[in-house]
Amino acid sequence: MHVVITGAGGFLGNRLARALAERGRLRGAPITALTMADLSAPEPVAAPFPVRSRACGVAQRDQVDALLSDGAEVIFHLAAIVSGQAEAEFDLGMAVNLTGSLNLFQAARALGTCPVVVFTSSIAVYGGEAPDPITDTVLLNPQTSYGAQKAAAEMILTDMSRRGFIDGRGLRLPSITIRPGRPNRAASSFMSSIFREPLQGQEAVCPVPPDYVLWALSPRRCIENLIHGAELPGQAFGPNRCLALPGRSYTIGEMVEAMRRVAGEAPVRLIRWEVDPELMRIVADWRGRFAVEKALRLGFVRDESFEDNVRQFLSEELGRG
Ligand SMILES: NC(=O)c1ccc[n+]([C@@H]2O[C@H](COP(=O)([O-])OP(=O)(O)OC[C@H]3O[C@@H](n4cnc5c(N)ncnc54)[C@H](O)[C@@H]3O)[C@@H](O)[C@H]2O)c1
């Protein structure tokens, strides 16, 4: 079983590679090779099977063809330009999130073996006039360029799966928090930084009011879900190849209270509340409440509480507790 990950140098791609290395198996077979690809060749993870590292810009079809020239049974397509940057740089978002995804799907099709393709979409595909909570059959109505690019790629993934070219699965990720490292250009970056920085004794600005509701999932559960998405038989998805993953709805205020319960008063005092109207313009329409019956029925998972996410960050990223 040869597995390929695009965006493998990123936050989730790297964690996915490590999780696959630990498991050693996928879809009932041993993993015999893992190819990690990103704009520049990512650091290969330690694994009991060969791990190759490749530079591949997904916006260039010839580079994607070269990446898949050794074949692949399972491809996790994570490479993307995140929401804030895709809003600021329209052409770049189109090239990577839309053309890059189509390049990947076409190159996978060209293998002629109908490989499994797990595509990381986003709940940014929803917005505008839509019921609250969002249910499994709500129409996609993205209100950002990032969401529109993801939604368009989802359509083609579903059609190419219907045609039997690829075995696609599109998973709409909640906001994955708490993300370690430095702030990135995702509009959702604050959803991690207001916990990550204070838990390390640094100040952070919260650019939304405490009653802002978000749909969140921890990195660990997200990776479990990406792997589960590859393990399920394609027929399990039915004609809707793309679905919203489970998460939990919290207000920012509830999340801060959860951090207080786990880590005490000190980190909470390091949050400065300062609404950013420009950022609110992007995130105001993101949906925070979902009824994800299909994903739960298919065995996708979520956290018990945001306290879990805080404890996970403290133990896995900061080596505390
Ligand atoms: N983290 C989240 O909260 C979240 C939420 C919803 C959806 N997603 C989706 O999950 C996936 C992974 O997200 P992440 O948080 O790890 O993001 P990330 O920014 O950490 O990783 C994305 C990777 O894609 C790479 N990339 C960018 N342009 C590329 C190109 N032209 N060719 C090849 N690689 C390129 C980047 O170098 C980066 O390493 C993305 O598809 C993202 O849209 C993430």
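Residues numbered from 1 in each chain as written. Predicted model: local features only at pLDDT ≥ 70, side-chain atom pairs only at ≥ 80, totals over all residues.

A short note on helix H12 (residues 306–317)
Argument step 1. Its twelve residues place the ends of H12 16 Å apart at the C-alpha level, agreeing with the 16 Å of an ideal helix rising 1.5 Å per residue.
Argument step 2. Within H12 the residues assigned to the buried category are Phe306, Asn309, Val310 and Phe313. Down the axis of H12, the buried side of the element spans an arc of 100 degrees, and every buried residue falls inside it.
Argument step 3. Close packing links the buried residues of H12 with helix H6 (190–199), strand E11 (213–217), strand E13 (248–251) and helix H8 (252–263). (Helix = DSSP H or I, 4+ residues; strand = E, 2+ residues; numbered from the N terminus. Expected span 1.5 Å × (residues − 1). Buried ≥ 20, exposed ≤ 12 C-beta atoms within 10 Å, placed from the backbone. Arc of directions from axis to C-beta. Contact = placed C-beta atoms within 7 Å.)

Observations regarding the sheet that holds strand E4 (residues 33–38)
Argument step 1. Taken in spatial order, the seven strands line up as E5-E4-E1-E6-E7-E8-E12 in an open sheet, and their pairing is parallel. Taken across any chain shown, the strands that pair with only one partner, and hence form the sheet edges, are strand E5 (51–55) and strand E12 (242–244). The sheet shows a mean angle of 15 degrees between the axes of neighbouring strands, direction not considered.
Argument step 2. Summarising the sheet, strand E7 (residues 116–122) and strand E8 (residues 167–173) pair through seven bridges and their orientation is parallel. Pairing of Val116 across the sheet is with Asp167, part of E8. (Pairing = 2+ DSSP bridges. Axes fitted to C-alpha atoms, helices over the stretch in contact; angles between N-to-C directions.)

Remarks on the site of the ligand
Argument step 1. If you check the shell around the ligand, you find 27 residues, and the closest are Gly7, Gly10, Ala79, Ala80 and Leu173.
Argument step 2. Counting residues per element, the ones that place at least two in the shell around the ligand are helix H1 (11–23), helix H4 (90–110), E7 and strand E9 (175–176).
Argument step 3. Split into classes, the residues belonging to the shell around the ligand amount to 14 nonpolar, twelve polar and one charged. (Near = placed C-beta within 6 Å. Nonpolar A, V, L, I, M, F, W, Y, C, P; charged D, E, K, R; others polar.)

Let's talk about the domain arrangement of the protein chain
Argument step 1. With domains assigned, the protein chain is organised as domain 1 (2–173 + 218–244) and domain 2 (187–215 + 248–317).
Argument step 2. Between the C-alpha centres of domain 1 and domain 2 the distance comes to 25 Å.
Argument step 3. Each side of the interface is counted separately: domain 1 has 26 residues, and domain 2 has 23 residues.
Argument step 4. Secondary structure elements with two or more residues in the side of domain 1 that touches domain 2: helix H3 (83–88), helix H7 (219–231) and E12.
Argument step 5. At five residues, the largest contribution of residues to the side of domain 1 that touches domain 2 is made by H7.
Argument step 6. Class assignment of the residues belonging to the side of domain 1 that touches domain 2 gives a composition of ten nonpolar, ten polar and six charged. (Domains from an automatic or database assignment.)

A few points about the nonpolar core
Argument step 1. Core analysis: the largest hydrophobic core is formed by 98 residues, its most contacted members being Ile5 and Val117.
Argument step 2. Both of domain 1 (2–173 + 218–244) and domain 2 (187–215 + 248–317) provide at least three residues apiece to this core. (Core = buried A, V, L, I, M, F, W, Y, C linked by C-beta atoms within 7 Å.)

Some points on the sheet that holds E9
Argument step 1. With respect to topology, three strands assemble into an open sheet ordered E9-E11-E13, the strand pairing being mixed. The open sheet has two edge strands, E9 and E13, and neither has a second partner.
Argument step 2. By the bridge criterion, four bridges tie E11 to E13 in an arrangement that is antiparallel. From the neighbouring strand, Ala216 faces E13, where its bridge partner is Arg248.

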